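Listed below are the residues making up each chain.
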Amino acid sequence: MDAKKVLQFFRANIWLIILVGAMIVYPFISYQPYWLSLLITIFVFAAFALSYDLLLGFTGLISFGHALFFGMGAYSIALFGRFTDLSFGSMFLLLAVAAGIIALIKTIFAMRVRGIYFAMITLALAQFFWVLVMSLSRYTGGEDGMPRVPRPDFLGDRLNFYFFALGFLVLVYIISRRFINSPTGRVLIGIRENEERMVMLGYNVFKYKLFSLTLAGIIGSFSGAIYVMFINIAYPALLDIQNTIDVLMMTIVGGVGTLHGPIFGAALVRLLSHFLSSHFRQWIIIFGIIYILIVVFLPLGIFGGIPGFSRWLEKRGGWLKWIAQRLKP
Amino acid sequence: MAATEVLLETQNLKKHFGGLKAVDGVDFKVNEGGLISIIGPNGAGKTTFFNVISGTLRPTAGKVFFLGRGVTGYPAHRLAQMGLGRSFQITNIFPRLTVLENVRLACQSAGEDNFRFWQHYRKFSQYEEKAYSILERVRLKGRELQPTLSLPHGDKRKLEVAIALARDPRLLLLDEPTAGISTEELPELTGLIEDIKKEGSQTIILVEHRMDVVTAISDRITVFNRGQILAEGTPQEIMDNEEVQKAYLGGGGSE
């Protein structure tokens, strides 16, 4: 690594470095448990939203069941903790394998049905697991959820957890960025743009969709696992459609098809709902209005401005319309 | 004996959509080398025939052989990997990527690096270099970094051919490359097809409506009508064939 390259790296990633630096320094300047907790959930949901964008924005797969991965991660850790003596390493390893299996099932469907049909099947799959969790209440606690989720000792300290979650997000960001700029990532973008042509070029679309879904599934389920380790309880709502809608909203508000978009989208949605819910009783209405305003006036999301590309998208009414078009049978 | 090797063969190939017999019992054979045109009135089954032999559609009955192997029902991506390239009648490109990236992705598909998911794609410069050379070959030099969406129609048609060429296919199926091209732009595109033919590394099957183009550049012509082969021969033989004239004049008009 010569000096020129280092300088170049710093220049290209200046905002990333400033932001991560600020996040590292922040708890030493002002240590407020409340804000720390909020930031931890933002980090975790940002990673979750990023994994959703790998599907939506970079592969062109619209899933209405991404919460399945998140909830699966959450319940896996809770169940492993209660019924096994597994180490955390093997828990996460098993979780990754399970995410891969779910990804495989979804890929098989993705090859047969498209658009709204695929979205509905992913929704059904997530709801199936939701029902499963509700009906196996002897093991899962049903509606009451599963409290006392295990976590490694060093994560008992909130500051440590803060850095752990931040580290997780940075890692997910780096992996995603390298991934979408790799030859494989370029193929996924090609599939998003024109799947039929990719097939005629000899690409076995199945393998690439499986790759993308597996990666998104692993990141999504790890996010869920880390989240329950933090809040210390796994509950059915982590699996349900509302959680998927939240992550979809974070991605759209931030900017679909970008890497920073979902991160800022997660921060915005979380902060807004936090602020609004503590000041207004009917905050969800206000939230809805803000969401509509963003979609109408910033159709690319707040951070979705890629030059040239954004102009093209604007002409077509933004991402929401693009998604609507894709959903057409 | 490479010159006389049978590249593609169909036996009694059928594709029916319900009661519609789009392709109905076609025996077709292509030897390596040269350019064969498929002509026929609208609805004669030319594009369906392309879709079946390129693996996009499964045949209702019959067999397809490519490079001496039975490939009936093979998925399209496997046929592409075996060396079958195809362009589309309706421009089928990657609209939001640059011209270069359109072709680079096509070049990458032939390589071994598709599952490299960590290094930056530009480190695999061989695909980019290849893409540049193909763009030069189809006369799109200088347009590399333009977004595809903003290309004029003629250039989109060239890009369509460029993508099909990128894998160096043994057999190149060109589905109406001149569709929607103005008379002024036509010589450029036909010149391009002739160049590919002259270079000789591809065998070309061309579906084309413009008779002047077809007769000028084809080695042989196959005439489709109502899903069947009506006639087959050199351009001169086809021009003189009475049945062909009847089909064209009586069967829904030419174009």
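Residues numbered from 1 in each chain as written. Chains lettered and ligands numbered in written order. Predicted model: local features only at pLDDT ≥ 70, side-chain atom pairs only at ≥ 80, totals over all residues. Heavy atoms only, no water.

Enquirer: Please set out the overall build of chain A residue by residue, giving values where relevant.
Expert: Within chain A one finds 16 helices and 2 strands. Its C-alpha atoms give chain A a radius of gyration of 20 Å, within 12% of the compact-globule value 20 Å for 329 residues. For chain A, buried positions account for 53% of its 329 residues. A fraction of 77% describes how many contacts in chain A between residues 6 or more apart in sequence connect residues 24 or more apart. Working note: accessible area of chain A is about 15,000 Å², and carbon and sulfur atoms make up 69% of it. Between the mean site of the 26 positive side-chain charges and the mean site of the 13 negative ones, chain A shows a separation of 9 Å. (Helix = DSSP H or I, 4+ residues; strand = E, 2+ residues; numbered from the N terminus. Rg over C-alpha atoms; globule rule 2.2 N^0.38 Å. Buried < 20%, exposed > 50% of the residue type's maximum accessible area, 1.4 Å probe, protein only. Contact = heavy atoms within 4.5 Å. Areas by Shrake-Rupley, 256 points an atom, 1.4 Å probe, with all protein chains shown as cover. Lys, Arg positive; Asp, Glu negative; His and termini not counted. Charge placed at Lys NZ, Arg CZ, Asp CG, Glu CD.)

Enquirer: Describe the overall build of chain B, listing the residues and the values that go with them.
Expert: Along its length, chain B carries 9 helices and 10 strands. Along the longest, intermediate and shortest principal axes, the C-alpha atoms of chain B span 60 × 40 × 40 Å. Total accessible area on chain B is roughly 11,100 Å²; 49% of this is exposed by carbon and sulfur atoms. For chain B, the distance from the average position of its 31 positive side-chain charges to the average position of its 32 negative side-chain charges is 7 Å.

Enquirer: How would you sum up helix α1 (residues 46-53) of chain B? Please name residues and give values.
Expert: All names here are of chain B. For α1, the tally of buried residues reaches 7 of 8 residues, placing the bulk of the element in the interior. For α1, the complete set of buried residues consists of Lys46, Thr48, Phe49, Phe50, Asn51, Val52 and Ile53. Of the residues trailing α1, Gly55 is marked for its positive phi of about 90°.

Enquirer: Pulling in residues and values, what's your account of the domain arrangement of chain B?
Expert: Residues and elements named next belong to chain B. Along its sequence, chain B is carved into domain 1 (1-83 + 169-255) and domain 2 (93-164). Here domain 1 and domain 2 have C-alpha centroids that lie 26 Å from each other. Taken together, the contacts link 19 residues of domain 1 with 9 residues of domain 2. Of the roughly 1,200 Å² buried between domain 1 and domain 2, counting both surfaces, carbon and sulfur atoms make up 54%. Looking only at domain 1, the three residues that lose the most surface to domain 2 are Glu188, Leu192 and Glu199, adding up to 36% of its buried area. Linking domain 1 to domain 2 there are 3 salt bridges. Its salt-bridge partner being Arg139, residue Asp195 comes within 2.6 Å of it at the nearest N-O pair. Our enumeration of links across domain 1 and domain 2 arrives at 8 residue pairs in polar contact (both at pLDDT 80 or more). Contributing elements (two or more residues each) for the side of domain 1 that touches domain 2: β7 (171-175) and α6 (186-199). The element contributing the most residues to the side of domain 1 that touches domain 2 is α6, with 7 residues. Among the residues forming the side of domain 1 that touches domain 2, the class breakdown is 9 nonpolar, 4 polar and 6 charged. (Domains from an automatic or database assignment. Buried area = accessible area lost by both parts, 1.4 Å probe. Salt bridge = Lys/Arg side-chain N within 4 Å of Asp/Glu carboxyl O. Polar contact = N/O pair within 3.5 Å; in protein donor to acceptor, adjacent residues only side chain to side chain. Nonpolar A, V, L, I, M, F, W, Y, C, P; charged D, E, K, R; others polar.)

Enquirer: Pulling in residues and values, what's your account of the packing of aromatic side chains?
Expert: By the definition in use, this model includes 24 aromatic pairs over all chains. Ring geometry for Phe211 of chain A versus Phe115 of chain B: centroids 6.3 Å apart, planes at 10°, classification stacked. Note that Phe211 of chain A is positioned in helix α11 (residues 205-231) and Phe115 of chain B in the loop between α3 (99-108) and α4 (125-137), a pairing that runs across two chains. Sitting over the face of the ring of Phe45 of chain A, Arg270 of chain A holds its NZ or CZ atom 4.2 Å from the ring centroid. Of note, Arg86 of chain B hangs over the ring of Phe88 of chain B, and the distance from its end group to the ring centre comes to 4.4 Å. (Phe/Tyr/Trp six-rings, centres within 6.5 Å; stacked < 30°, edge-to-face > 60°. Lys NZ or Arg CZ within 6 Å of the ring centre and 35° of its normal.)

Enquirer: Hey, could you go over the interface of chain A and chain B for me, with residue numbers and the actual values?
Expert: With 33 residues of chain A in contact, the opposing surface of chain B contributes 36 residues. Across the interface of chain A and chain B, roughly 3,100 Å² is buried in total on both sides, 61% from carbon and sulfur atoms. If you look at where chain A meets chain B, you find 3 salt bridges. Arg186 of chain A is paired through a salt bridge with Glu101 of chain B; the nearest N and O atoms lie 3.7 Å apart. Counting across the interface, chain A meets chain B through 18 residue pairs in polar contact (both at pLDDT 80 or more).

Enquirer: Got a sec to walk through the sheet that holds strand β3 (residues 35-39) of chain B? Specific residues and values, please.
Expert: All names here are of chain B. Pairing in this open sheet of 6 strands is mixed, and the strands run β6-β7-β8-β3-β9-β10 from one edge to the other. This sheet does not close on itself; its edge strands, each paired only once, are β6 (84-87) and β10 (228-233). Adjacent strand axes in the sheet meet at a mean angle of 20° when their direction is disregarded. As judged from the 4 bridges shared by β3 and strand β9 (residues 220-225), these two strands associate in the parallel manner. (Pairing = 2+ DSSP bridges. Axes fitted to C-alpha atoms, helices over the stretch in contact; angles between N-to-C directions.)

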